[in-house]
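Observations on chain architecture
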Amino acid sequence: AAAAAHGAGRGGAPRSKLRQMLPKLLEAVGPTLRLHLAVFYLFGAYRHLSDRCFGLRFLSLAERPYRGPGYQSLGVLLLLQLLAQG
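Residues numbered from 1 in each chain as written. Predicted model: local features only at pLDDT ≥ 70, side-chain atom pairs only at ≥ 80, totals over all residues. Heavy atoms only, no water.

The final tally for this structure, using the stated rule, is two aromatic pairs. Between Phe-40 and Tyr-41, the aromatic rings sit 6.1 Å apart at their centres with planes inclined by 40°, giving tilted as the arrangement. Judged by centre distance (5.5 Å) and plane angle (20°), the rings of Tyr-41 and Tyr-71 are stacked. Here Tyr-71 lies in the loop between helix 3 (49-54) and helix 4 (72-85) and Tyr-41 lies in helix 2 (residues 12-43), a separation of 30 residues in the sequence. (Phe/Tyr/Trp six-rings, centres within 6.5 Å; stacked < 30°, edge-to-face > 60°. Helix = DSSP H or I, 4+ residues; strand = E, 2+ residues; numbered from the N terminus.)

Below is the structure:
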């Protein structure tokens, strides 16, 4: 019972791998969210990362006779920032 309590029992190896991978996964969250935001600014689809994963798009029934400047320039700047950071 003591071995199982310390993770040496069933399922101990996957937990150990998860502990090793967790810092890298957490480090990737920021750049992934910035990349998603940049793509959203460029193309205007998938407001949330979960929407992108499931292919859900926002539908607006409002008429838009005038479309001002978009957010494409912000998307380009975010992409440039991501590229510069490595």
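This next bit is on the environment of Gly-86. Among the structural elements, Gly-86 can be located in the segment after helix 4. On the basis of relative accessible area, Gly-86 is assigned to the exposed category, the value being 95%. Through-space distance from the C-alpha of Gly-86 to that of Pro-31 is 10.0 Å; in sequence the pair is 55 residues apart. (Buried < 20%, exposed > 50% of the residue type's maximum accessible area, 1.4 Å probe, protein only.)

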